[in-house]
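Next come the chains, spelled out residue by residue.
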Amino acid sequence: MMFGFSTRIQNQIPQAVLNICNTLRDNGYQAYVVGGAVRDILLGKVPGDWDVATDAHPDQVISLFTKTIPTGIKFGTVTVVKDISVEVTTFRSDGIYRDARHPQDVSFSTSIEEDLKRRDFTINAIAYDPITKNFIDPYGGRRDLRRRILRAVGDPKARFSEDALRMLRFFRFLATLEFKPCRRSLAAVEPALIRKISMERIRDEMSKLLLATAPGATLLTMHKAGLLQEILPEVALGDGVTQGSFHRFDVLRHSLEAVDNSLPQLELRWAALLHDVAKPKLRTEDEHGIHFYKHDVEGEQMARDILTRLRYSKKFVEKVATLVRWHMFSVHGQSTDKALRRFVRRVGKENVMDLMELRRADILALGKQTTCNAWHNWRMLRDRLQAVLDSDTILTINDLAIGGHEVMAALDLKPGPEVGAALEWLLEKVLDDPAINEPEILLSLLQSYENTPFLRNRQENAPLQRKC
Ligand code: ATP
Ligand code: MG
C-alpha cells in the first residue's frame, strides 16, 4: 500500500513542481517538496496545494522564474506561477513567539532539518527530494502516518504555546485524516491560549474540521480537552442536558450525531451543530415531561450571533439561521397542498430541501430505531415538496398576475409599505387557491381589501400617504 512508493510519489508530482525543483537545483540551490502534499500523497490522497522549500532567498527565487507573486515575502514565501501555482518558501527557523500567534522574527536558514523543526506535526514535517528521490523525515512522520497518529513535532506544549492555532489544526487534522491523537500532544492543549487567535483563522479551521466525513467524535474530544468551550461555549453547554424518551443522547451528543449524519456541505453542517443550541437555556420539566419551548426561535438568534462572531459572511449567517429557525417544521407526508405551499412560501424555496436534509440528520441523531413508517413519511413529504417546487404554483409576490403598479392604481396609493402589504394579502388568497391568479380576479378582490379596517384606518390617519 503506502510504502515502497518512490515511483508512485514521483508520478504524482506535477511537472510544474518538478520543473521548479530542477531549476532551483540547476542554479545550485536545494529544493524539496514539503508539507501537506507529501503527507497527502503518502496517504494515497490527491494533494490540494504544493509547497516547495529551498535555501534560495525570495529575491533569488524571483530572479529565477518568469512569473512570480510575492505572497509572503516577510516569511520567505514567493508563489511561482506555472500552469499551477506553487508556494516556494525559503528554509526558515522561527524566532521567539511572544504572542502565541506569530514568531517575533523569522530568520532564513540553510538547512532543511532546521526548517522541518518549526513545523507543527510530524506528518507535516516530511520533506521529499524529487531529484534524488530521498525523504528527509527526522521526526518519524512516515511511521506516524502508517500508525495514523497525529503528534506534534518536539515538545507539544512549546508548539501550542508558540502558535495557539496549532491546537485547532490538531483537531482539524484528527477529523479530516481520521487519525488518533498522540496522548502527550492531546494533553498539551491549553484552551485559553486560543483567545489570542483571530476569529477569521478560527473560522477557517472550523470550516475544514466540519467538512470531515464524520467530525462528531473529534468535536467531542475537543470538548473534553476544553477547547470547544472556548470557541463554541453555547454548544458545549449541551453536555449532560437530557431530553426525554425520544432521545438517546444529551443535547451535545445529539447535535454531534446530527453533524455526522448530515451532508458534507458547510451550511448544513453548521445548521446541524446549532439546530438545538438554545435547548440548554430553555429546558423546563413538568409532569408531562421535558420541554424546550421556542428553542427554534431563540436558536435562530443564537446561531446568528455565533456565526457573526466567527466572521462568516452575512449571507452564510442568514442561511444557517434560517435553517435553525425552521428545523421544527410541522408539515408531513399527509399535509394538504395548501399547507405545503404555505410552508414553502414561509421558509423560502431555496431552503426547502436543505430543511428536509436537516430533518433527516435530526431523525438519525435521535439514536433510536426509526420506523419504516417515519422514513416513508419523510420520502413522501420530500417528493411532494419537490412537486410544489417544480410546479408553476406561485409562491412569491413576484409570481402574482398583477404587480405594484396595478395595486397602486386600484387602491389609489403612493409607493410605500402599503403596496407590499396589499400584495402579501393577495398572495395569501392565491396560496389558498392558485386558480384565482388572474388579473381581473385579483383586481376585483382588491375591492374587498380596500374595505378592510386596516386600510380604512391608515387612510384616515395618514392622509399624506395618499396621492392627493
Ligand atoms: P491543507 O493544505 O490540507 O490545509 P497543510 O498541512 O498543507 O494542509 P498548510 O496550511 O497548507 O497546511 O501549510 C503547509 C505546511 O506548513 C504544513 O504542512 C506544515 O508543515 C506547515 N504549517 C502550516 N501552518 C503551520 C503552523 N501554524 N505551525 C507550524 N507549521 C505550520
Ligand atoms: Mg497545504
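Residues numbered from 1 in each chain as written. Chains lettered and ligands numbered in written order. Predicted model: local features only at pLDDT ≥ 70, side-chain atom pairs only at ≥ 80, totals over all residues. Heavy atoms only, no water.

Draft legend 1. Representation of the environment of histidine 254. Looking at the secondary structure, you find histidine 254 in helix H14 (residues 251-261). Distance in space between the C-alpha atoms of histidine 254 and aspartate 305 is 21 Å, their sequence separation being 51 residues. In contact with histidine 254, not counting residues within four places along its chain, are Gln243, His247, Phe249, His275, Asp276, Asp362, Ala365 and Leu366. Engagement of the side chain of histidine 254 in a polar contact is seen with the side chain of aspartate 276, the distance being 3.4 Å. Side-chain polar atoms of histidine 254 contact the backbone oxygen of alanine 365, separated by 3.0 Å. (Helix = DSSP H or I, 4+ residues; strand = E, 2+ residues; numbered from the N terminus. Contact = heavy atoms within 4.5 Å. Polar contact = N/O pair within 3.5 Å; in protein donor to acceptor, adjacent residues only side chain to side chain.)

Draft legend 2. Region of interest: the site of ligand 1. Around ligand 1 sit 15 residues, and of these Arg39, Asn124, Asp163, Arg166 and Arg172 come closest. In this structure, an oxygen atom belonging to ligand 1 sits 2.9 Å away from a main-chain N or O atom of asparagine 124. In the environment of ligand 1, a nitrogen atom lies 2.9 Å from a nitrogen or oxygen atom belonging to the side chain of aspartate 163. About the coverage of ligand 1: the protein hides 77% of its 580 Å² of free accessible area. When contributions to the shell around ligand 1 are tallied by element, the ones reaching two or more residues are helix H3 (36-42) and helix H8 (165-177). Considering every element that reaches the shell around ligand 1, the biggest residue donor is H8, with four residues. The residue inventory of the shell around ligand 1, partitioned by class, reads one nonpolar, three polar and eleven charged. (Near = heavy atom within 4 Å. Areas by Shrake-Rupley, 256 points an atom, 1.4 Å probe, with all protein chains shown as cover. Nonpolar A, V, L, I, M, F, W, Y, C, P; charged D, E, K, R; others polar.)

Draft legend 3. Structural view of unusual backbone geometry. Its identity as a non-glycine residue notwithstanding, glutamate 178 has a phi of 55 degrees, on the positive side. In this structure, glutamate 178 sits in the loop between H8 and strand S11 (180-181). Positive phi outside glycine occurs at arginine 311, with the angle close to 65 degrees.

Draft legend 4. Highlighting the domain arrangement of the chain. With domains assigned, the chain is organised as domain 1 (6-147), domain 2 (232-390) and domain 3 (397-465). The gap between the C-alpha centroids of domain 2 and domain 3 is 35 Å. Opposite the four residues of domain 2 that make contact, domain 3 presents six residues. On the domain 2 side of the contact with domain 3, Arg341, Arg342 and Arg345 bury the most area, a combined 82% of that side's loss. Applying the counting rule to domain 2 against domain 3 returns four salt bridges. Linking domain 2 with domain 3 are four residue pairs in polar contact (both at pLDDT 80 or more), by the criterion used here. Tallied by class, residues from the side of domain 2 that touches domain 3 come to no nonpolar, no polar and four charged. (Domains from an automatic or database assignment. Buried area = accessible area lost by both parts, 1.4 Å probe. Salt bridge = Lys/Arg side-chain N within 4 Å of Asp/Glu carboxyl O.)

Draft legend 5. The arrangement of the nonpolar core in detail. Residues Met206, Met222, Leu232, Trp270, Leu273 and Leu274 are the most contacted members of the largest nonpolar core, which totals 124 residues. Tallying contributions element by element places H8 first for this core, with nine residues. With residues up to four places along the chain from it excluded, the contact list for methionine 222 reads Leu168, Phe171, Met206, Leu209, Leu227, Leu228 and Ile231. With ten residues, the next largest nonpolar core counts Tyr32, Ala53, Ile112 and Val153 among its residues. (Core = buried A, V, L, I, M, F, W, Y, C linked by side-chain atoms within 4.5 Å. Buried < 20%, exposed > 50% of the residue type's maximum accessible area, 1.4 Å probe, protein only.)

Draft legend 6. Focus on the environment of glutamate 200. You can see glutamate 200 is positioned in helix H10 (residues 199-210). Residues glutamate 200 and tyrosine 312, spaced 112 residues apart in sequence, show a C-alpha to C-alpha distance of 8.2 Å.

Draft legend 7. View of the environment of proline 14. Here proline 14 is to be found in the loop between helix H1 (6-12) and helix H2 (15-26). Judged by its relative accessible area of 23%, proline 14 is partly exposed. C-alpha separation for the pair proline 14 and aspartate 83, spaced 69 residues apart in sequence, amounts to 9.6 Å. Sequence-distant contacts of proline 14, defined by excluding residues within four places in its chain, comprise Trp50 and Ile84.

Draft legend 8. Structural context of the pairing of strand S3 (residues 68-72). Here three bridges tie S3 to strand S4 (residues 77-81), and the two strands are oriented antiparallel to one another. Residue isoleucine 69 lies in a different strand from S4, and its bridge partner there is threonine 79. Joining the antiparallel neighbours S3 and S4 is a turn of four residues, in which glycine 76 adopts a positive phi near 85 degrees. (Pairing = 2+ DSSP bridges.)

Draft legend 9. Summary view of the side chain of serine 262. Assignment of secondary structure puts serine 262 in the loop between H14 and helix H15 (266-274). Residue contacts for serine 262: discarding those within four places in its chain leaves Leu268, Arg269, Ala272 and Ala361.

Draft legend 10. Up close: the pairing of strand S2 (residues 50-54). Of all five residues that make up S2, five are buried, and the element is covered over most of its length. A two-sided burial pattern is seen for S2, the buried positions comprising Trp50, Val52 and Thr54 on one face and Asp51 and Ala53 on the other. Pairing of strand S1 (residues 31-34) with S2, which is carried by four bridges, proceeds in the antiparallel orientation. Across the sheet, valine 33 pairs through a bridge with valine 52, a residue of S2.

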